[in-house]
Amino acid sequence: MVLGEVLKDIETACKLLNIAADPVDWSPGNVQKWLLWTEHQYRLPPMGTAFQELGGKELCAMSEEQFRQRSPLGGDVLHAHLDIWKSASAGEDSWADSEVDSSCSGQPIHLWQFLRELLLKPHSYGRLIRWLNKEKGIFKIEDSAQVARLWGIRKNRPAMNYDKLSRSIRQYYKKGIIRKPDISQRLVYQFVHPI
DNA sequence: AATAAGGACACTC
DNA sequence: GAGTGTCCTTATT
């Protein structure tokens, strides 16, 4: 049901971000990644350095009031999002927490895997990247700047942009992972081996 | 102006 | 050495 969808979204997000599902386990760096990601996903006002140097444990111990003190604009919303993550992993402990842990802490993710994960979540990312023909693996990047930004968050590369991301995609041409479709179009690529 | 292609070099694992 | 990230030149849309 709805709860299942939430759990899947969280699992996808922690895979994309390479952070644990349980916020208590987050390092200060993990907290920043989650923060940037959540800001972007829900178009929250930028929190800037309001939560810098905070580990997951400290973050989880903070009240909604303290969130609002750090960030008067979006602090309450952010606290609500963290609450979802907390309760999701609390429920996870009762049955399949080892599975989530293993799927969320895979160290390096390749760019082509990252793009595929975004494509498989059209509900969350369909405004940024979507299939033109899923069977053939043809997809279009609808918002190059945002996709690059998300990739930058994942890799801790704040200076990431589409110029550099696309250069990495081009490296896939000779490797036979991604190519340009037969009819070349701007911002359209094709997986050589569709799902 | 934005995107595409690919060479060159630096960096991290 | 693989997989980028960064920078750059040139061409195309």
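Residues numbered from 1 in each chain as written. Chains lettered and ligands numbered in written order. Predicted model: local features only at pLDDT ≥ 70, side-chain atom pairs only at ≥ 80, totals over all residues. Heavy atoms only, no water.

Asker: For this particular structure, what's the right way to read the protein's contact with DNA strand B?
Answerer: Lining the immediate environment of DNA strand B, one finds Ser144, Tyr162, Arg167, Arg170, Tyr173, Lys180, Gln185, Arg186, Leu187 and Tyr189. Each atom of DNA strand B within 4 Å of the protein was classed as base or backbone; sugar and phosphate made up 48%. Contact distances for DNA strand B include 2.5 Å between a phosphate oxygen and a side-chain N or O atom of Tyr162. The contact in question runs from a base nitrogen of DNA strand B to an N or O atom on the side chain of Arg186, over 2.4 Å. At 4 residues, the largest contribution of residues to the surface near DNA strand B is made by helix H10 (residues 162-175). The residue inventory of the surface near DNA strand B, partitioned by class, reads 4 nonpolar, 2 polar and 4 charged. (Near = heavy atom within 4 Å. Polar contact = N/O pair within 3.5 Å; in protein donor to acceptor, adjacent residues only side chain to side chain. Helix = DSSP H or I, 4+ residues; strand = E, 2+ residues; numbered from the N terminus. Nonpolar A, V, L, I, M, F, W, Y, C, P; charged D, E, K, R; others polar.)

Asker: How should I be thinking about the pairing of strand S1 (residues 129-133) in this particular structure?
Answerer: Side chains on a regular strand alternate between the two faces of the sheet. Bridge count for S1 against strand S2 (residues 138-141) is 4 bridges, and the pairing is antiparallel. Across the sheet, the residue bridging to Arg130 is Lys140, located in S2. (Pairing = 2+ DSSP bridges.)

Asker: Mind showing me how you'd approach the environment of Ala21 here?
Answerer: Position of Ala21 relative to the elements: it lies in the loop between helix H1 (2-17) and helix H2 (28-41). A relative accessible area of 9% places Ala21 in the buried class. Spatially, the C-alpha atoms of Ala21 and Gly152 are 20 Å apart, while their sequence positions differ by 131 residues. (Buried < 20%, exposed > 50% of the residue type's maximum accessible area, 1.4 Å probe, protein only.)

Asker: Could you clarify how one ought to interpret the nonpolar core in this entry?
Answerer: It is characteristic of soluble globular proteins that their nonpolar side chains tend to be buried jointly. Core analysis: the biggest nonpolar cluster contains 48 residues, and Trp34, Trp37, Phe51, Leu59, Leu115, Ile129 and Phe139 have the highest contact counts within it. When residues are assigned to domains, this core turns out to be shared by domain 1 (2-93) and domain 2 (103-191), each giving three or more. In contact with Trp37, not counting residues within four places along its chain, are Ala13, Leu16, Leu17, Phe114, Tyr125, Leu150 and Ile153. (Core = buried A, V, L, I, M, F, W, Y, C linked by side-chain atoms within 4.5 Å. Domains from an automatic or database assignment. Contact = heavy atoms within 4.5 Å.)

Asker: What's the story with the UniProt feature "domain: ETS" (unreviewed entry) in chain A in this structure? I'm lost.
Answerer: UniProt feature "domain: ETS" (unreviewed entry): in the numbering of this structure it lies at residues 109-192. Strand forms 18% of residues 109-192 and helix 46%; the C-alpha atoms that close the span are 18 Å apart. (UniProt positions renumbered as here; feature names shortened; annotations may be inferred.)

Asker: Looking at this structure, how should I read the domain arrangement of chain A?
Answerer: For interface size, the figure often reported is the accessible area lost on association. Along its sequence, chain A is carved into domain 1 (2-93) and domain 2 (103-191). With centres defined by C-alpha atoms, the gap from domain 1 to domain 2 works out at 24 Å. Counting residues at the interface gives 17 residues for domain 1, matched by 19 residues for domain 2. Here domain 1 packs against domain 2, burying approximately 1,700 Å² in sum over the two surfaces, 55% of which is carbon and sulfur. Among the residues domain 1 hides against domain 2, the three largest losses belong to Leu16, Asn18 and His40. Together they make up 35% of the total. On the surface where domain 1 and domain 2 come into contact, there are 2 salt bridges. With a shortest N-O distance of 3.2 Å, Asp9 and Lys121 are connected by a salt bridge. Counting every contact that joins domain 1 to domain 2 gives 4 residue pairs in polar contact (both at pLDDT 80 or more). At the level of elements, H1 and H2 are the ones that each hand at least two residues to the side of domain 1 that touches domain 2. With 8 residues, H1 is the single largest residue contributor to the side of domain 1 that touches domain 2. (Buried area = accessible area lost by both parts, 1.4 Å probe. Salt bridge = Lys/Arg side-chain N within 4 Å of Asp/Glu carboxyl O.)

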